[in-house]
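An overview of the molecular structure
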Amino acid sequence: MKIMDPNGRFLFILFWLLLLSACAPSFSHYVKLNEHFINQDYEAAVLEQRHNKKNYAARNRVLYYLDEGLLAHYAGFYEESNASLLKAEEIMADLYTRSIRKEAASFLINDNMTDYRGEDFEAALVNLFLALNYTQLGQIDEALVEARKVDSKLNSFNLEYPIGKKNIYKEDAFIRYFMGILYLAAGEINDAFISFRKAEQIYRNDYQPNYGIGPPPTLIDDLLWTAKKMNFNDEYDRYSKAYPKVVRRLKKREPDEAQVYFIHYNGRGAEKVERNFIAPMPDRYVVKLAYPEFVKRDFQVKGARISLNKIGSRKYYNISSQVMEDISAIAQLNLKNRMGRIIAKAVARVTAKYLIAKEAEKKALKDGDKNLARIIRFTFQTYLVAFENADTRHWRLLPAMIQVGQGQLPSGRYEGSIQLTDQYGSVIASRPVEPFSLAAGETKLVIFLTVE
């Protein structure tokens, strides 16, 4: 039996590598999902997602569960959302122990051949949405467990990176703030104060310089109120001097009022796209270097004003939302922060492919087979350009930002509307608020989504 010659075997292997690398994930159903979002039909979006499970290859199973979990969250199916998000988190944790074979495949072909384990910020947001789910289910202790996980996760991620190359996204101010809300709901005023104080510090020292988001008035309101409740006079005086405008608001806040927080998921998150450049080599080979980049997507809605009426009375309340978490900005900076590592790996991969091509062509010429040498050059030239692709997988259904509107209201039953505003503050759309009840001292979340 004749055994295939080395060059023949090599070309056979290369053919299959090309075939595999050409099998890019198909996510055409996102067009349908976007239609459901615009129509606010989130239940239909969940069904659409499940119908398209086959589009997610095994290496993209984390993405499937992330998408399914978030869609269920938007639809208000909080227990189903938890099941999917916990499954995604479990797979993410397992993927930290990578197999040598998968790593070798990513080096020879591209990063799309590896199992997707998620960006660092995506892993942290899994726990935020789990915490929000548990809160809506009335399970405050479980929500706090999820919120606390974020710190340890971000710390463990940073341990992977060498000194001087740590991730810029190392703490999450909004999650700290949300922990404070959870402590308020549990009646733990001292713990709430500690969380709000830490959130103020992160917003001031981290979010302000990196993402352009300083300590929001909503946070300072809660920080001052909890300091006053705990008789932390020094802290109260210090923050009062730093934020005098909020102090004037605080005087209207009664101790037995309920707290309502409108959580506004606004816009579609940044999209990860490929950037590349072509580099000619001295021997007429051409190579391509490809790398990913997050690009913000535009959306018309920039804020929300909530108008509430206490049913059976003539009392009206107005609440305005504020940006608390710019997820798109975090995505951009987090990826940019490790771009040097991504480019270095791409250069090493392209160099290895180029050297393999040169060696195979040289071997064919040495054997006197010019036709085979031409085939090798053409095949590898195609491979070096067409199949050197950046890994652009990401959690596509995340909102661009999270905005929060906070109000202190007397107990009772409420109805109202949400006015969506553009960059000039003009109302461009309106939607009703489902009637809800508040008990004295209660903390309630009302969640809504816009993608326009």
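About the cut-offs
Residues numbered from 1 in each chain as written. Predicted model: local features only at pLDDT ≥ 70, side-chain atom pairs only at ≥ 80, totals over all residues. Heavy atoms only, no water. Core = buried A, V, L, I, M, F, W, Y, C linked by side-chain atoms within 4.5 Å. Buried < 20%, exposed > 50% of the residue type's maximum accessible area, 1.4 Å probe, protein only. Helix = DSSP H or I, 4+ residues; strand = E, 2+ residues; numbered from the N terminus. Contact = heavy atoms within 4.5 Å. Pairing = 2+ DSSP bridges. Phe/Tyr/Trp six-rings, centres within 6.5 Å; stacked < 30°, edge-to-face > 60°. Lys NZ or Arg CZ within 6 Å of the ring centre and 35° of its normal. pLDDT = per-residue confidence, 0-100.

Some remarks on the nonpolar core
Core analysis: the biggest nonpolar cluster contains 91 residues, and F121, F129, Y177, Y203, Y207 and W395 have the highest contact counts within it. At eleven residues, helix α7 (residues 120-136) tops the list of elements feeding residues into this core. Leaving out residues up to four positions away in the same chain, F129 has contacts with L70, H73, L85, Y265, W395, L398 and P399. Core analysis: the next-biggest nonpolar cluster, separate from the first, contains 18 residues, V260, F262, Y317 and F448 among them.

Focus on the pairing of strand β8 (residues 427-438)
As defined by bridge partners, strand β7 (residues 412-421) adjoins β8 across nine bridges and the pair is classed as antiparallel. The partner of Q419 across the bridge, within β8, is S430. Two successive antiparallel strands, β7 and β8, enclose a turn made up of five residues, where G425 displays a positive phi of approximately 85°.

Focus on the packing of aromatic side chains
Aromatic ring pairs are defined here through the distance separating the ring centres and the angle between the ring planes. All told, the structure shown has 20 aromatic pairs when counted by the stated rule. Ring pairing ties together the aromatic residues F37, Y42, Y74, F129, Y265 and W395, which thus form one cluster. A cation over an aromatic ring shows up here: K302 above the ring of F299, its NZ or CZ 4.5 Å from the ring centre. It is R377 that lies over the ring of Y285; its NZ or CZ is 4.3 Å from the centre.

A look at the confidence of the model for the protein
The share of residues in the protein with pLDDT of 70 or more is 88%, and the mean pLDDT across the chain is 86. Here residues 19-23 is a poorly scored stretch, pLDDT under 50, and it has seven contacts once near neighbours within four places are set aside; other chains count.

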